[in-house]
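Listed here are the chains, written in short residue letters.
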Amino acid sequence: MGSGKTPILAVDDERMNLRLLQGMLKPFGLEFLSAQSGLEALSIAKSRDLALILLDVMMPGMDGFQVAEALRGDPVTRHIPIIFVTAINKEQKHVFRGYELGAVDYLFKPVEAEVLCGKVRVFVELHRQRQALEEASRQLLRSVEELRVSKAALEESELRYRTVADYNHDWESWIGPDGRALYVSPSCERISGYPPGVFQEDSEFLHTIVAPDDRDTIRRFLGDSRAETLDFRIRNRDGEQRWLNVVRREIPGRENGGSLGWRLSMRDITARKEAELQLRHLALHDPLTGLANRTLLLDRTSLALERLKRGRKNMAGLVFLDLDRFKVVNDSLGHARGDLLLVEVARRIQACVRGVDLVARFGGDEFILLLEELESPREAIHVAKRVRDAMRKPFVIDGHEITTSASLGLVLAVDGDVGAEELIRHANIAMYKAKESGKNRFHVFNERMLEQAVAALRLENDLRRAIRRGEFHLAFQPIVSLGDGRLGGFETLLRWNHPRRGAVSPADFIPVAEETGMIIELGQWVLDQACGVMRRWQQANSHAGNLSLAVNVSARQFAKSGLADDVLRAVGVSGLAPESLKLEITETAIMDNPRNSVQKLHRLRQDGIRFSIDDFGTGYSSLGYLQKFPLDDLKIDLSFVRVMESSAENLEIVRTIIGLAHNLGLSVVAEGIESAAQRNILAELGCEYGQGYLFSRAVPEAEAEAWVRSGERFSEAGRPRTGNA
C-alpha cells in the first residue's frame, strides 16, 4: 500500500548527499525514495509511479547518463522527468549530452535549497494533476458503463423518465427520431445559462452556442451512428467558453426493434480540459520562460526540414544563443534573480523574431531560434544581429542594473538533408566559435568549423590518453636579473610529445584542458613535479637556495576550493622551502572573485608561498584590490614588450606598470624580451627581471640544472657568460 504522498526518487552513491536532498525537500511532504546505484534506481522506477528522478551523474558502475538512457529506453519509465544533480560544470559538452538523453534540467552541486524546491515543485504539481486527470477519466468510464447496464434493464414505458431524470447532474437530452428535443433536463441551465424550453422549442439552438470551429464536428457526430462520444466547446450565456463531453446512445424500441431516438448526456469538463491543455503546454514548453522546450523545438525543426526536402520552402535557419558570463550573475545576485534575468532575455528575444519563427529555451542560459520561410541568408543574419544588439542593452532586475551580452551561432538549411539534432549541433559549434572569438558576436556555421570541432574532440580524447600514459614533461625558461645578468629563477612550462603528431603546442592543448576541466589534474601534476625538481637542484647546489621557481596556476585551479591544501601538500611532500615557490596567476583569474582571491592568497602567504600576477595589463585590476593582494611581482605581458620600440603608447604603458608596481612595493618581470634594445629600455625604466628568447627558450630539466650548477650570468647582449653565482 502506498503512503498517499507523491513519490520522487533521488539517486546518488553518497548517502550524505541523499540525506541533504531529503532534508531540503522535507517541507513538501513527499514520499522520498533513494537509491545508491543505477541498478537499484531502475528497479524502483519500474515499480513506482514517480513524479521526478534527481539523478547524480558521476557514480560507480552505471553512471547517470547510462541510467538516463536505460530509463528512456523502457516504455514503463520513459515518461519520468529527470533532473541531473552534478558537480560537472555547465560549459562541458557533458551537459549537452544530458539534454540529448532527455534531461529536463540540471542542478549543480552544492545544491541550493531554494533552487531545488523551485524546480521540484513544478514536477510534483504536474504529477498530481496527471493523477487527478486519470481518476476523472476512470470515473467517466464507470459512469458510461453504468448508463449502458441500466439502459438494458429499463422498460420502454419508463424510458421518458428514468433515462433522463430531472435531478441528474449532467445535461440530459432525449432527441426523437425526427430531430426534435423530447426532453431536456434542468441541468442544461447550470451548464449553458439557458433554460430547457429554449432547446426544446428550437432544435437548432444548441448549434448556435457551439464554438464556430466545432460546429461542423458536432453536426457530423450527431449524424454518425458509429460515434459515441465527443469533446466540444460552447459559449454560455455569460460569454464564457466551456468544454463539454457528450455521450450519444440510441434508445431502441422494445417490441418492434425500431429506434425511439437518441440520448445525449453532456457533462461540463472545462476543468479537466484545461488541465489537459496545461499538461500539454508544460510538456512542450519551458516552465520558467514559457518558451518552447527541446521536445517542441525538435518537432518543429524536423517539420521545417521535411518541408524543405519537399521543396515547399526556400530556406530555414537555426540560431543558437548563449549568454556571456551568466554564471557571474548567479554567483553574485543569486539564482532567483538569475531566473528573472532569463525571463527578461526570453521576452527580448521574442520581440526580435518574426511571427513564423519559434523561440526555445534549450537549457540553462541557452536559447535556440528556429527561423522559417527565409528567402535569403540576409534575413537570418538580420534577426541574429537584432537579437545580439538587444542583449547589449542593460537589464534591470529587482533594482539591479545588469549588463550582459550573448554569443550566437547561425546555421542555414536549404535542402533538408540534415537532421534536426545535427542542425542544432552545427549551430552550437558556430556559437562556441563566436564565444572563442571574444564573445558578444555571432558566427555563421561552415564546414571548416565542423572539421575544427572534430579535430578538437580528437585532441580532447588524445589529451585524456596522454594524461593516463604520462606523455607530458616539463621545460624551464630562465628569469634573469636585468641589472647584473644573474639567474633569478625559472618559469615552469608544460610540454606534450604526442606519439604520432610530435610536439603539440600549448596554445592548442591548454584551452582544451581548461574547457574540459583536465587542467586541474594537469596543473597538480606540474606543481608536484616542479617542486620535486627544484628541491633536487637545491640539494645538489648550495647557491640554488636563492632561486625561485614560478608555476602557472590556471583559472580553474585558482577557483578550486581546495587550492591551498593542494599547493601546501606538494610543497610538503617534496620538502621544498615554500619561499622558493612562486605561483603565477593571471590578472583575469584573480579578479574574477576578488574577495575570495584575497582570502586564498593570504592563506598561502601565511605558509611562505610567493605570488606573481601574470600577463599584467591585459585584464582589469582594481587598484584597491591590488593593494590588498599579498603579491611579490607583476609580469608585463609580452604584447607590450614587443612593440615598445615602435609604439610610444605601449612604451608609456610599460613605464606606468613599472611605476605602479614600485609604488606598491612590488618587483617587475618582463616577458618576451627578444632583443638587447628591449632589455636596455626595460633596465632603464627600472624593470628588475626579464625572460625571453634573448636569454633562452624553455629548456629541458637537465639543461636548466646545468645553468644552476655552473652559475652562468647573462650579458647585456643576452648571451650567457660564466661567473660567480
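Computed from a prediction, not measured in an experiment: that's the story for all the values here.

Parameters at a glance
Residues numbered from 1 in each chain as written. Predicted model: local features only at pLDDT ≥ 70, side-chain atom pairs only at ≥ 80, totals over all residues. Heavy atoms only, no water. Pairing = 2+ DSSP bridges. Helix = DSSP H or I, 4+ residues; strand = E, 2+ residues; numbered from the N terminus. Phe/Tyr/Trp six-rings, centres within 6.5 Å; stacked < 30°, edge-to-face > 60°. Buried < 20%, exposed > 50% of the residue type's maximum accessible area, 1.4 Å probe, protein only. Lys NZ or Arg CZ within 6 Å of the ring centre and 35° of its normal. Core = buried A, V, L, I, M, F, W, Y, C linked by side-chain atoms within 4.5 Å. Contact = heavy atoms within 4.5 Å. Axes fitted to C-alpha atoms, helices over the stretch in contact; angles between N-to-C directions. Salt bridge = Lys/Arg side-chain N within 4 Å of Asp/Glu carboxyl O. Parallel < 35°, antiparallel > 145°, perpendicular 65-115°, else oblique. Left-handed = near helix turned anticlockwise from the far one by under 90°. pLDDT = per-residue confidence, 0-100.

Colleague: How would you sum up the pairing of strand β10 (residues 259-268)? Please name residues and give values.
Modeller: Alignment of strand β6 (residues 171-175) against β10, held across five bridges, turns out to be antiparallel. Of the residues in β10, the one forming a bridge with W174 is R263. Pairing of strand β9 (residues 241-252) with β10, which is carried by eight bridges, proceeds in the antiparallel orientation. Within the sheet, the bridge partner assigned to L244 lies in β10 and is D268.

Colleague: Can you break down the packing of aromatic side chains residue by residue, with the values?
Modeller: Taken as a whole and judged by the stated rule, the model has 13 aromatic pairs. Judged by centre distance (5.7 Å) and plane angle (65°), the rings of F320 and F362 are edge-to-face. Linking F320 in strand β11 (residues 316-323) with F362 in strand β12 (residues 358-363), this pair joins segments that are 42 residues apart in sequence. For F320, a relative accessible area of 0% puts it in the buried group. Residue F362 is classed as buried on the basis of its relative accessible area of 4%. Among the aromatic residues, ring-to-ring pairing joins F65, F84, Y106 and F108 into one connected group. Positioned above the aromatic ring of W243, the side-chain terminus of K273 is 4.8 Å from the ring centre. The ring of F558 carries the charged tip of K600 above its face, separated from the ring centre by 5.2 Å.

Colleague: With reference to specific residues and values, describe the nonpolar core.
Modeller: Across soluble globular proteins, you tend to see nonpolar side chains buried next to one another. Residues L463, F490, L581, L583, I590, L631 and L682 are the most contacted members of the largest nonpolar core, which totals 77 residues. Here this core gets 10 residues from one element, more than from any other, and that element is helix α19 (residues 518-540). Apart from residues lying up to four places away in sequence, I590 is in contact with F558, I585, S597, L601, I613, F629 and L631. L291, A380, I402 and F442 belong to the second-largest nonpolar core, a separate cluster that totals 32 residues.

Colleague: Outline the pairing of strand β16 (residues 406-413), listing residues and values.
Modeller: The element β16 is largely enclosed, with a buried count of seven among its eight residues. Of the strand pairs in this sheet, β11 and β16 are connected by eight bridges, and their pairing is antiparallel. Note that in β16 the partner of V319 across the bridge is L410. Strand direction decides the pairing type here: β16 and strand β17 (residues 442-444), joined by three bridges, are parallel.

Colleague: Can you tell me about the sheet that holds β12, naming the residues and giving the values?
Modeller: Pairing is mixed in the open sheet, where five strands are placed in the order β12-β13-β11-β16-β17. Among the strands making up the open sheet, the edge pair consists of β12 and β17. Averaged over all neighbouring strand pairs, the angle between strand axes comes to 20°, with direction disregarded. Bridge count for β12 against strand β13 (residues 366-371) is five bridges, and the pairing is antiparallel. The residue of β13 that forms the bridge with G363 is E366.

Colleague: Got a sec to walk through the pattern of salt bridges? Specific residues and values, please.
Modeller: Under the definition given, this model contains 45 salt bridges. A salt bridge links E31 to R48; its shortest N-O distance comes to 2.7 Å. Residue E31 is located in strand β2 (residues 31-35), and its partner R48 is located in the loop between α2 (38-47) and β3 (53-56); the two are separated by 17 residues in the primary sequence. Owing to a relative accessible area of 16%, E31 belongs among the buried residues under this scheme. With a shortest N-O distance of 3.1 Å, K635 and E491 are connected by a salt bridge. Of this pair, K635 sits in strand β24 (residues 633-636) while E491 sits in strand β19 (residues 487-498), and the two are 144 residues apart along the sequence. Residues K635 and E491 agree in their burial class; the two are buried. A single network of salt bridges, built from pairs that share partners, joins D231, R272, K273 and E276.

Colleague: Explain the packing of α19 against helix α21 (residues 563-574) to me, and be specific about the residues and the numbers.
Modeller: With their axes 9 Å apart at the nearest point, α19 and α21 run at an angle of 30° to one another. Comparing their axes, α21 and α19 come out roughly parallel. As for the relative orientation of α19 and α21, their crossing is right-handed in sense. For the pair formed by α19 and α21, the contact residues are Q524, L527, D528, C531, G532 and R535 on the first element and D566, V567, A570, V571 and S574 on the second.

Colleague: Describe the sheet that holds strand β1 (residues 7-11), and please don't skip the residues or the numbers.
Modeller: Sheets are built from strands that pair by backbone hydrogen bonding, the pairs being arranged parallel or antiparallel. Strand order in the open sheet formed by five strands is β2-β1-β3-β4-β5, and the pairing between neighbours is parallel. Lying at the two open borders of the sheet, with one neighbouring strand each, are β2 and β5 (105-108). Sheet twist, expressed as the average angle between the axes of neighbouring strands with direction ignored, equals 20°. Pairing geometry for β1 and β3, over three bridges, is parallel. The residue of β3 that forms the bridge with V11 is L55. Docked against the sheet, helix α3 (residues 64-73) engages β3, β4 (82-86) and β5, running at close to 175° with respect to β4.

Colleague: Can you tell me about unusual backbone geometry, naming the residues and giving the values?
Modeller: The omega torsion of the bond from K109 to P110 falls at -5°, within 30 degrees of zero and hence cis. In this structure, P110 sits in the loop between β5 and α5 (113-153). The backbone phi angle of R325 is positive, close to 60°, even though this residue is not glycine. One can find R325 in the loop between β11 and α13 (326-333).

Colleague: Talk me through the confidence of the model for the protein chain; I want residue IDs and the actual numbers.
Modeller: Chain-level pLDDT for the protein chain is 85 on average; 90% of the residues reach the 70-or-more range. Within the protein chain, helix α6 (residues 159-162) has the poorest average pLDDT of any element, 48, and strand β26 (residues 689-690) the best, 96. For residues 161-165, every residue scores under 50 in pLDDT, and the model assigns this stretch 12 contacts once sequence neighbours within four places are set aside.

Colleague: Could you give me a rundown of the environment of K433, with the residues and numbers involved?
Modeller: Tracing the chain through its elements places K433 in helix α16 (residues 420-436). C-alpha of K433 to C-alpha of H443: the two residues are 10 residues apart in sequence and 6.8 Å apart in space. Contacts of K433, omitting those with residues within four sequence positions, involve H443, M449 and Q452.

Colleague: Can you explain the environment of V319? Please cite residues and give values.
Modeller: By secondary structure assignment, the location of V319 is in strand β11. The class for V319 is buried, based on a relative accessible area of 0%. The spatial distance from the C-alpha of V319 to the C-alpha of A427 is 6.2 Å, given a sequence separation of 108 residues. Excluding anything up to four places from it in sequence, V319 contacts F367, I368, L369, L371, L408, G409 and L410.

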